Amino acid sequence: MLIVFLGAPGAGKGTQAKALAEKKNLTHLATGDMLRAEVAAGTELGLMARAFMDRGDLVPDDVMIGMIKGRLKTPVSGGILLDGFPRTVAQARALDEALDAAGTGVDRAIFFEVPTEELVRRLAGRATCSGCQRAYHDTFHPPRNADECDDCGAKLVRREDDRPEAVRNRLDVYRTQTTPVLDHYRAAGKLVEIDGGQAIDAVQEELIAAVE
Ligand code: AP5
Ligand code: MG
């Protein structure tokens, strides 16, 4: 089973992916988390990617396609949940080709639809775990203890790209470069649209129904 999560910045992809992956024994591959780990480790890739990420621009396709193809070669037990990839049509085509060559394919592309004002509210109040990358929100999903992750106890941090200027750019980049990916999967009959504007648990219920 290979599921792709699509949706704007702040749509709740990471939040829903963590919960679904645990319930359904899926390997959660989040390209944003993979890149942030490279940045934190100070690798050459991380140094290169950081400038794009902090501005809210996409990291170039060839880099991202190479990264995900490499990761997909590692065998996993259960299925795969891709969060944050593909986000251009070129990435979607490259993913199709790589899976096709392996005799598999994308089973479902789940699109979390959320109004723009709600996306802005979510990103403005987000705190992210510096250890496991779990997302919290000052109002909608606060941690049990201030500034500490419920799961792993690591410190919560604010993402550099959650500054208002970067958020504006991320939303523009999403509209121009990522929304065409929806048509790619719609044309293939694989797109499932979910109302991502509901409360976290209600979205999870609709999601489980969509993948079962
Ligand atoms: P990435 O990390 O993927 O960021 P993103 O797509 O912008 O999405 P986010 O992680 O911001 O949002 P999310 O949908 O996961 O929402 P979350 O669950 O956290 O990418 C970062 C950067 O890396 C990119 O800008 C780019 O530079 C680079 N990159 C990554 N992949 C790439 C690729 N394939 N190609 C090129 N470049 C790439 O939730 C958000 C907030 O809302 C949280 O506070 C949460 O608690 C809250 N919340 C969630 N659900 C709800 C709900 N239902 N109700 C109320 N609050 C909610
Ligand atoms: Mg995320």
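Residues numbered from 1 in each chain as written. Chains lettered and ligands numbered in written order. Predicted model: local features only at pLDDT ≥ 70, side-chain atom pairs only at ≥ 80, totals over all residues. Heavy atoms only, no water.

(A) Region of interest: unusual backbone geometry. Between Phe-85 and the following residue, Pro-86, the backbone shows a cis peptide bond with an omega angle of 0 degrees. Among the structural elements, Pro-86 can be located in the loop between strand S3 (79–83) and helix H5 (89–101). Its identity is not glycine, yet Asn-25 carries a phi of approximately 50 degrees, on the positive side. Within the secondary structure layout, Asn-25 lies in the loop between helix H1 (13–24) and strand S2 (26–30). (Helix = DSSP H or I, 4+ residues; strand = E, 2+ residues; numbered from the N terminus.)

(B) Summary view of the site of ligand 1. Neighbouring ligand 1 are 35 residues, the closest being Thr-15, Asp-57, Arg-126, Tyr-136 and Arg-170. Within the side chain of Arg-159, one N or O atom sits 3.0 Å away from an oxygen atom of ligand 1. Between ligand 1 and Gln-198, the relevant distance is 2.8 Å, taken from a nitrogen atom to a main-chain nitrogen or oxygen of the residue. Considering ligand 1 on its own, with 1000 Å² of exposed area, one finds that the protein chains cover 96% of that surface. Among the residues forming the shell around ligand 1, the class breakdown is 15 nonpolar, eleven polar and nine charged. (Near = heavy atom within 4 Å. Polar contact = N/O pair within 3.5 Å; in protein donor to acceptor, adjacent residues only side chain to side chain. Areas by Shrake-Rupley, 256 points an atom, 1.4 Å probe, with all protein chains shown as cover. Nonpolar A, V, L, I, M, F, W, Y, C, P; charged D, E, K, R; others polar.)

(C) Highlighting the packing of helix H6 (residues 116–124) against helix H7 (residues 164–187). Two elements in contact, H6 and H7, have axes whose closest approach is 11 Å; the angle formed by their N-to-C orientations is 140 degrees. With respect to H7, the axis of H6 lies oblique. When the axes of H6 and H7 are compared, the crossing they make is right-handed. Two secondary-structure elements touch here, H6 through Thr-116, Leu-119, Val-120 and Leu-123 and H7 through Val-167, Arg-170 and Leu-171. Across the contact of H6 with H7, the residue classes tally to five nonpolar, one polar and one charged. (Axes fitted to C-alpha atoms, helices over the stretch in contact; angles between N-to-C directions. Parallel < 35°, antiparallel > 145°, perpendicular 65-115°, else oblique. Left-handed = near helix turned anticlockwise from the far one by under 90°. Contact = heavy atoms within 4.5 Å.)

(D) Representation of the environment of Ala-135. With respect to the helices, strands and loops of the structure, Ala-135 is situated in strand S6 (residues 135–137). For the pair Ala-135 and Leu-156, spaced 21 residues apart in sequence, the C-alpha separation works out to 8.8 Å. Contacts of Ala-135, omitting those with residues within four sequence positions, involve Thr-15, Arg-126, Ala-127 and His-141.

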